[in-house]
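# Overview (structure and organization)
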Amino acid sequence: IPQAPPEFKSGFIGIIGRPNVGKSTLMNQLIGQKIAITSPVAQTTRNRLRGILTTPEAQLIFVDTPGIHKPHHQLGEVLVQNAKIAIESVDVVLFVVDGTAVCGAGDHFIADLLIRSQTQVILGINKIDQQPADTQVIDESYEQLAKSHQWPTVKFSAKSGAALPELQQILIEHLETGPLYYPPDLVTDQPERFIMGELIREQILLLTREEVPHSVAIAIDKVEETPTITRVLATIHVERDSQKGILIGKGGSMLKAVGSAAREQIQKLISGKVYLELFVKVQPKWRHSRVSLAELGYRV
Ligand code: GDP
Ligand code: K
Ligand code: MG
């Protein structure tokens, strides 16, 4: 890693917020590459994932986190615990809220967590591209929150990119001078294999019925590079036979749809041709077992 110039700024920025406020979309936009999967489904993001943005003056290391909500089962508790650790271990928290709705109980729950930590907070109001014509009530609800804690506020759209340069500038202003933590051309701390698995999971989230998505875990069994094509073998673990049935679909149609969409995404990721082969395996109740969670690569 090259040495940073004298005035260079760097640091870790935790992206925190309720599910579906656009945290992962924002990180992808800021770093300019899709490394975090996004979808309208809550709990799309399971692991903490770093996205790295290096400019001539700064290196911003974004930590994307699963949305914070009240836990219902063991995976949920692990997710909230990880979010709390993320808050403590970063230099700045970017608290993302949904600008299309007023500040709600879920936002206040997170605000309480943030106040109890010592970390500097910046309030980010997202989705301004979709705000209703009269935003006064919405704006006031967030202004009140920001004012009582003296949080700087930025409004932007992760989707359209509006005001993201301003957001980036404010974030840099709140970082201290520091070293390059990662090589300037690196965009994520995760291995390519992990992102491949996530891109497969994203298509399952987008294409299958509600009960399936939360029960899947992807294992990349093999990545074989030849001069012309990259061959990827992956296993989709589900909890029940019925979910396996849904995932495979009539005559294999669902698995085929998931596979061809995921293949296109993986091709973009590696900028090359991909042959993707998917298997489905039933592994009951993996969500409740710490051993299985660890085996499948989740931090427990
Ligand atoms: P996360 O759960 O907070 O990581 O949210 P995601 O990034 O997965 O996004 C949740 C949904 O909100 C997706 O359907 C996104 O396309 C959508 N979304 C994210 N940012 C914006 C935005 O700026 N404007 C609009 N209109 N939609 C957005
Ligand atoms: K989501
Ligand atoms: Mg996310």
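The structure under discussion appears in the preceding block.
Here's what I pulled together on the structure shown here. Keep in mind that this is a model prediction, so the values were computed, not measured.

What follows concerns the pairing of strand β8 (residues 230–238). Counting buried residues in β8 gives 8 out of 9 residues, a clear majority hidden from the surface. Bridge count between strand β7 (residues 217–225) and β8: 8 bridges; the pairing is antiparallel. Its bridge partner lying in β8, E225 is registered against T230. The turn linking β7 back onto β8 is made up of 4 residues. As paired strands, β8 and strand β9 (residues 274–282) are joined by 9 bridges and run parallel to one another.

This part covers the sheet that holds β7. Taken together, the 3 strands give an open sheet; going across it, the order is β7-β8-β9, and neighbouring strands pair in mixed fashion. For this open sheet the edge positions go to β7 and β9, each flanked by a neighbour on one side alone. If you compare each strand with its neighbour and ignore which way they point, the axes differ by 15° on average. Seen against the sheet, helix α6 (residues 192–207) touches β7, β8 and β9 and runs at an angle of roughly 125° to β7. Each of β8 and β9 is contacted by helix α8 (residues 253–270), which is oriented at about 135° to β9, the strand it contacts most.

Moving on, we come to the nonpolar core. In terms of nonpolar packing, the biggest core is built from 54 residues, with L26, L60, F62, L167, I200, I204 and I236 touching the most fellow members. Composition of this core by domain shows at least three residues from each of domain 1 (9–173) and domain 2 (192–295). Not counting residues up to four positions away in its chain, the partners in contact with L26 are L94, V96, F156, A158, L164 and L167.

Rules behind the numbers
Residues numbered from 1 in each chain as written. Chains lettered and ligands numbered in written order. Predicted model: local features only at pLDDT ≥ 70, side-chain atom pairs only at ≥ 80, totals over all residues. Heavy atoms only, no water. Buried < 20%, exposed > 50% of the residue type's maximum accessible area, 1.4 Å probe, protein only. Helix = DSSP H or I, 4+ residues; strand = E, 2+ residues; numbered from the N terminus. Pairing = 2+ DSSP bridges. Axes fitted to C-alpha atoms, helices over the stretch in contact; angles between N-to-C directions. Contact = heavy atoms within 4.5 Å. Core = buried A, V, L, I, M, F, W, Y, C linked by side-chain atoms within 4.5 Å. Domains from an automatic or database assignment.

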